[in-house]
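Breakdown of the fold
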Amino acid sequence: MTEIEPVILSHFKPEEIESLRAEHERQKQVFLGHAYLDNDGERLREAMQRMVALEANHAMETDEYAEVLYETGRIEEAIVLMKDPIKKAHYQQRLDAILKDDGAWCNCDGEKQVIRRYPSMKHGKSIAVVKCTKCEFVNVSDQL
Ligand SMILES: [Zn+2]
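Below, the structure is looked at part by part.

1. Description of the environment of tryptophan 105
By the element assignment, tryptophan 105 lies in the loop between α5 (85–99) and β1 (112–120). Spatially, the C-alpha atom of tryptophan 105 lies 8.5 Å from that of cysteine 132, the residues being 27 residues apart in sequence. Excluding anything up to four places from it in sequence, tryptophan 105 contacts Asn139 and Leu144.

As structure tokens, this is what we get:
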């Protein structure tokens, strides 16, 4: 397989880089089939296999490649590459939710619904995407 290096963005703090490397290693274990797979793990593994195939076909400027970047947590690259405006907006919303304070929540009385887990670079692991059932508020946090 192609060795995929984690993307270190310039604004990352040392502890974020460390957790990113840990998540990258975990993803590699998932890819190699050495880690337990839940639905999100399966999704991640499939995305990483698609990524390798797209790279082998030199199809790295495509929306499909943007999708696999997104699914593997390389969300900032995915936003830059994605041409579909609806998907691009969705990725931007997810990034905004990741960057929110982990304790942030809306003021309405809606319930918290976990949509899925997502490999967050900020957190260095897959964590819950939590949405309010009454408004559009979303946060990516395991602390809600
Ligand atoms: Zn709400």
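2. Here's the deal with the sheet that holds strand β2 (residues 125–132)
The sheet built from three strands is open, its strands ordered β1-β2-β3 with antiparallel pairing. Of all the strands in the sheet, the pair left with one neighbour each is β1 and β3 (138–140). Neighbouring strand axes in the sheet, compared pairwise and without regard to direction, differ in orientation by 25° on average. For β1 and β2, the ladder comprises eight bridges, and the chain directions are antiparallel. Bridge pairing links lysine 112 to cysteine 132 in β2. Most of the contacts of α5 go to β3, to which it runs at about 60°, and overall it touches β1, β2 and β3.

About the thresholds
Residues numbered from 1 in each chain as written. Predicted model: local features only at pLDDT ≥ 70, side-chain atom pairs only at ≥ 80, totals over all residues. Helix = DSSP H or I, 4+ residues; strand = E, 2+ residues; numbered from the N terminus. Contact = placed C-beta atoms within 7 Å. Pairing = 2+ DSSP bridges. Axes fitted to C-alpha atoms, helices over the stretch in contact; angles between N-to-C directions.

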